[in-house]
Amino acid sequence: MTIYSRILGTGSYLPEKVVSNQDLERMVDTSDAWIRDRTGIAERRIAADDEFTLDLAEKAARNALDAAGVDPQELDLIVVATTTPDRVFPSTACLLQSRLGAKGCAAFDVQAVCTGFVYALGVADQFVRSGTAKKALVLGAETFSRIIDWTDRNTCVLFGDGSGAVVLGASEEPGVMSTHLHADGDYADYLHVPTGVSTARAVLEEGRAYVEMNGPGVFRMAVSTLGRIADETLEHNHIDKSELDWLVPHQANIRIIQATAKKLDLPMDRVIVTVDKHGNTSAASIPLALDTAVRDGRIKRGDLFMIEGFGGGFTWGSALIRY
Ligand code: UT7
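Here goes a summary of the coordinates provided. In this text, all values refer to a predicted model and were calculated from it rather than measured experimentally.

Quick look at the overall build of the chain
Looking only at helices and strands, the chain features eleven helices and 13 strands. Judged by the C-alpha coordinates and their principal axes, the chain covers about 60 × 45 × 35 Å. Each of the 323 residues in the chain was classed as buried or not, and the buried ones make up 56%. On the chain, roughly 13,700 Å² of surface is accessible, and the fraction owed to carbon and sulfur atoms is 49%. Of the side-chain charges in the chain, 32 are positive and 44 negative, and the distance between the mean point of each set is 2 Å.

Dropping the structure here:
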């Protein structure tokens, strides 16, 4: 008997503080018209000074567990995708496990930046398929605002904070039908924070502690790579693009999303778009979009959808999922 993982419930959380494009006009040389036109973003959420990635993760986790009807003590696995952990160690997943009271289960973080949630889902799916875990909590949670230079208009208009989660359960019915994970580290310098734990002393002297990005270079690679991974996902499952009900893409830029939708011949009303409301929340963006569409009734039980993401690394990935 084949075992699959199925999504039992979804959850998400956005911090209360809204920063609009007009607010940014007062901070850097930009305009609401430029930001909307080039990115599709209208506003983003920023965590309060005393609010951290773990706090965001906990709220999304509790929402997802409630929706799934799963008690934290039933969890066998917690995987948190984050680029912005609260501590160097222990992992955000371990801190979350303690908050939730899910004692004893495996808990670790994965780091694949904007593709983080797809990576986390891919890992958790393997645990469930192999029989190692029966119930898994998978999250993307970020306080990306903390690694942004708020005087750099090339990056500060793009990103925001948030979290999203799913609870997976073992099932004889799919579920997650396939996951596809890739990386090419040759592109590390295209989108990165140059400082890290081991290099901090050396790099911080240069004052380079924030996101640096070759925007047009990332844009070009994202569009071509996401087109290819959509094909790879459909071919692997022997399905035609016309069988897809929804696309739930990483929310970085409406123009990247539109290019992937066009490649799949999907009209935009079959694409879940939330980038206007929260900007690029990195690993949180896909589960945030998914939870939005599940809760507003667009994505229903039995629907077939693809998630896909692209980010620093470069990393990219996708999954085909029957909800
Ligand atoms: O999840 C993966 C993470 N990152 C991404 O997916 C980002 C991918 N890249 C992008 O989304 C786009 O490249 C951006 C939105 C970052 C930029 O859009 P673009 O159409 O590639 O613009 P550009 O970088 O080619 O810049 C066009 C112009 C430049 O001025 P000049 O040289 O033409 O005079 C920029 O200086 O727009 C200027 N510009 C801005 N103007 C107003 C750049 N940022 C801003 C800004 N406000 N915030």
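Back to the text.
A closer look at unusual backbone geometry
Omega for the bond connecting P174 with G175 falls within 30 degrees of zero, at 5 degrees, which places this linkage in the cis form. Its place among the elements puts G175 in the loop between β7 (161-171) and β8 (176-183). A positive phi angle, near 50 degrees, is found at H238, a position not held by glycine. Of the residues examined, H238 reaches a relative accessible area of 73% and is grouped as exposed.

Things to note about the site of the ligand
Around the ligand sit 23 residues, and of these T30, R38, R153, H250 and N253 come closest. Between W34 and the ligand, the recorded distance is 3.2 Å, taken from a side-chain N or O atom to an oxygen atom. At 3.2 Å, a side-chain N or O of N280 approaches an oxygen atom of the ligand. When the free accessible area of the ligand is taken as 940 Å², the share hidden by the protein chains comes to 72%. Judged by the fraction of its atoms near the pocket grid, the ligand is located in the second largest pocket. Secondary structure elements with two or more residues in the shell around the ligand: α2 (32-39), α6 (153-156), α8 (215-236) and α9 (254-263).

What to know about the side chain of D161
The topology assignment puts D161 in strand β7. Comment: no salt bridge for buried D161; closest opposite-charge side chain is R146, at 5.4 Å. Side-chain polar atoms of D161 contact the backbone nitrogen of A47, separated by 2.8 Å. Once you skip the residues sitting within four places of it in the chain, D161 turns out to touch L14, P15, R45, I46, A47, L56, E142, T143, F144, S145 and T281.

Some remarks on the environment of A106
Considering the arrangement of structural elements, one finds A106 in strand β5 (residues 106-110). A residue is classified by how much of its surface remains accessible, and A106, at 34% relative accessible area, is partly exposed. Along the chain, A106 and C94 lie twelve residues apart, while their C-alpha atoms are 8.5 Å from each other. Dropping the residues within four chain positions of it, A106 is found in contact with D76, L77 and I78.

Focus on the packing of aromatic side chains
Per the stated rule, a full pass over the model turns up seven aromatic pairs. Aromatic side chains F108 and F127 sit 6.2 Å apart centroid to centroid with 40 degrees between the ring planes, which places their arrangement in the tilted category. Here F108 is found in strand β5, whereas its partner F127 is found in helix α5 (residues 116-129), with 19 residues between them in sequence. Overall, F108 belongs to the partly exposed group, its relative accessible area being 27%. The partly exposed category is assigned to F127, whose relative accessible area is 26%. Ring plane angle 50 degrees and centroid distance 4.8 Å describe the contact between F310 and F314, whose orientation is recorded as tilted. A residue is classified by how much of its surface remains accessible, and F310, at 5% relative accessible area, is buried. On the basis of relative accessibility, which here comes to 0%, the residue F314 falls in the buried class. Here the aromatic residues Y187, Y190, F310, F314 and W316 are joined through ring pairs into a cluster of three or more. The ring centre of Y323 lies 3.8 Å from the NZ or CZ of R301, which sits over that ring.

Side note on the pattern of salt bridges
In this structure the tally under the stated criterion is 14 salt bridges. Note that D29 and R153 form a salt bridge whose closest N and O atoms lie 3.7 Å from each other. Note that D29 is positioned in the loop between α1 (21-25) and α2 and R153 in helix α6, a separation of 124 residues in sequence. We classify R153 as partly exposed; its relative accessible area is 46%.

What counts and how
- Counting of residues starts from 1 at the beginning of each chain's written sequence and follows it residue by residue.
- Where local features are concerned, this predicted model is filtered to residues with pLDDT of at least 70; where side-chain atom pairs are given and counted, the filter is 80 or more; whole-chain, interface and lining totals use all residues.
- Think of the side-chain values as coming from all heavy atoms in the structure, minus any hydrogens and water.
- Here a helix means four or more residues in a row that DSSP labels H or I, a strand means two or more in a row labelled E, and each is numbered from the N terminus.
- Here's how the labels work: a residue is buried when its accessible area is under 20% of the maximum for its type, exposed when over 50%, partly exposed in between, all with a 1.4 Å probe on protein chains only.
- Only the protein chains shown count as cover for residues, with accessible areas throughout obtained via the Shrake-Rupley method and a probe of 1.4 Å.
- Charge convention: Lys and Arg are scored as positive, Asp and Glu as negative, and His as well as the terminal groups of each chain are ignored.
- One atom stands in for each charge, and that atom is NZ of Lys, CZ of Arg, CG of Asp or CD of Glu.
- Being near a molecule or strand, for a residue, comes down to having at least one heavy atom within 4 Å of it.
- We define a polar contact as two N or O atoms separated by no more than 3.5 Å, with the added condition that, inside protein, one atom must be a possible hydrogen donor and the other a possible acceptor, whereas residues neighbouring each other in sequence contribute only through side-chain atom pairs.
- The rule is simple: put a 1 Å grid over the protein atoms alone, call a set of points where a 1.4 Å probe fits but cannot get out a cavity, call an open set with protein on both sides within 12 Å along at least five of seven lines a pocket, and count a residue as lining if it has an atom within 4 Å of a point.
- Throughout, a molecule is located in a cavity or pocket provided that more than half of its atoms lie within 2 Å of its grid points.
- We define a salt bridge as a side-chain nitrogen of Lys or Arg found within 4 Å of a carboxyl oxygen belonging to Asp or Glu.
- We call two residues in contact when some of their heavy atoms are within 4.5 Å.
- The aromatic pairing rule takes the rings of Phe, Tyr and Trp, using the six-membered ring of Trp, and pairs them if the centres are within 6.5 Å, calling planes under 30 degrees apart stacked, those over 60 edge-to-face and the rest tilted.
- Throughout this description, the term charge over a ring refers to an Arg CZ or Lys NZ atom that lies within 6 Å of the ring centre and within 35 degrees of the ring normal.

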